[in-house]
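# Descriptive structure summary
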Amino acid sequence: LVGMVYSQDEQNLPPPEASTETSKVGTAAAVFLKIPVGSRETGMGGAFVALAEGPTALYWNPAGIAGVENFEISLMQNRWIVELSHLFAGISFPFAGGGFGLSVISLSSDPIEITTLEEPSGTGYYYNYSDLAVGMSYGRRLTNRFSLGGTVKLIQEKIYHESAHSVAMDIGSILVTDFYGLRIGMNLSNFGTDMRFTGRDLDVPYSRTIGLSEEESPAYEVQASLNTIYWRIPTNFSFGLATDLFSLSESETQQEMPNSSLLLSVVGNYPNDGEFGIRVGSEFAFRQMLFLRAGYYLQESNHLTFGLGINVSGISIDYSYADLGVFNQVNMFTVGLDF
């Protein structure tokens, strides 16, 4: 399946006259699907495909909800770059021998005033830009060590009166080995239909002349539409390894700090609209109550991430920080409830 997805690259981009070394960055629609969700996951640099669990697993790897035992809710608010509002809401609960989940991701702008050549200071009319993805997921443990999950999602991009739509799916798996609890995760995300903008502002009148000479022939007007092209969505294949470093040594640490862990995770990403990248993340959990996290992106733009969290009586509050260079800092907050 992965081979089939990426064998299509030559059919779409780059065009035949372009160099084979042309960058594919910026060649996909619905790029809001690439913005990470969850403060815990973002604080670990997005290296989470093998550690996915709870409602945020609906984004990172749907196999992570296979072992869900309770009704869980996760809510995230993030002020993304250029003052965009990025929101995530997810729920997961046991269902039919596995786990079921629903998720919503949105990215939207504040009202933007319309300007024209005649009125460069503004017309008094406004428009919005918005993205939306709604997903339904199911995960199940096929054995006590291997989990499989999938997501079906509806995607929409909208700007002013124009919109584009797509249907996509995610397929993920997690294997927990008996080698010091090493976890292996894989996820193919956003495998779906291409997107094309349509809307009433693309309808235009078109004047057609009769005969060979425009000066001598009368013209008649017909209704026409501007032709927009199809753009693929940002399909990504990720493969990751994760383990608890405390489990690699004998139990002195566990005796001193029971229920504590030191997770290390490495993930490789291969997107269809960019180059191969690596993400590295770590998390220190003190008695599963206090959490310190750090991560590093080595993809498109290299940057560090940090995070911290607290979990008391099934209520978790997490925060993450990322420095995106020219786009300044991004602060993300997530609240989770476990009933």
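Details of the structure are given in the entry above.
Structure report, in brief. Counting restarts for each chain: residues are numbered from 1 in the order of the written sequence. Per-residue local features are limited, in this predicted model, to residues with pLDDT of at least 70; the limit for side-chain atom pairs, both in listing and counting, is 80 or more; totals at the level of whole chains, interfaces and linings are taken over all residues. Hydrogen atoms and water are omitted, and side-chain values are computed over all heavy atoms in the structure.

Bringing the overall build of the chain into the picture now. A count of helical and extended segments in the chain gives five helices and 19 strands. In the chain, buried positions account for 41% of the 339 residues. Throughout, a contact is declared for two residues whenever any of their heavy atoms are within 4.5 Å. Considering only contacts in the chain between residues 6 or more positions apart, those separated by 24 or more positions represent 55%. Accessible surface, the chain: about 18,200 Å² in total, of which carbon and sulfur atoms supply 60%. For the purposes of this entry, the term helix denotes a DSSP run of H or I that reaches at least four residues, the term strand denotes a run of E that reaches at least two, and both are numbered from the N terminus. Working definition: with a 1.4 Å probe on protein chains only, accessible area under 20% of the residue-type maximum means buried, over 50% means exposed, and in between means partly exposed. Using a 1.4 Å probe, the Shrake-Rupley method yields the accessible areas, and only the shown protein chains count as cover for residues.

Moving on to the pairing of strand 16 (residues 290–298). Burial along strand 16 is one-sided: the face carrying F291, R293, G295 and Y297 is buried and the face carrying L290, L292, A294, Y296 and L298 is not. Each pair of strands is called paired provided DSSP finds at least two bridges between the two strands. Hairpin remark: strand 15 (residues 277–286) followed by strand 16, antiparallel, with three residues in the connecting loop; positive phi at R287, about 55 degrees. Of the strand pairs in this sheet, strand 16 and strand 17 (residues 303–312) are connected by eight bridges, and their pairing is antiparallel. By the bridge assignment, R293 is partnered in strand 17 with G307.

What follows covers the pattern of salt bridges. Throughout this description, the term salt bridge denotes a Lys or Arg side-chain nitrogen within 4 Å of a carboxyl oxygen of Asp or Glu. A complete count under the given rule lists eight salt bridges for this structure. E53 is paired through a salt bridge with R40; the nearest N and O atoms lie 2.8 Å apart. In this pair, E53 sits in the loop between helix 3 (39–43) and helix 4 (57–60) while R40 sits in helix 3, placing the two residues 13 residues apart along the sequence. The exposure class assigned to E53 is partly exposed, which follows from its relative accessible area of 44%. With a relative accessible area of 16%, R40 lands in the buried category. One connected set of salt bridges, linked through shared partners, spans R40, E53, E283, R293 and D318.

This next bit is on the packing of aromatic side chains. Within 6.5 Å between ring centres, the rings of Phe, Tyr and Trp (the latter by its six-membered ring) count as paired, and their orientation is classed by plane angle as stacked under 30 degrees, edge-to-face over 60, tilted in between. According to the stated counting rule, one finds nine aromatic pairs in the structure shown. Ring centres 5.1 Å apart and planes at 80 degrees place the aromatic pair F179 and Y180 in the edge-to-face group. Ring centres of F246 and F284 lie 6.3 Å apart, and the angle between their planes is 75 degrees; on these two criteria the pair is classed as edge-to-face. Linking F246 in the loop between strand 13 (236–244) and helix 5 (252–256) with F284 in strand 15, this pair joins segments that are 38 residues apart in sequence. The class of F246 is buried, set by a relative accessible area of 12%. Members of the aromatic cluster, joined through ring pairs, are F71, F93, F95, F100 and F339.

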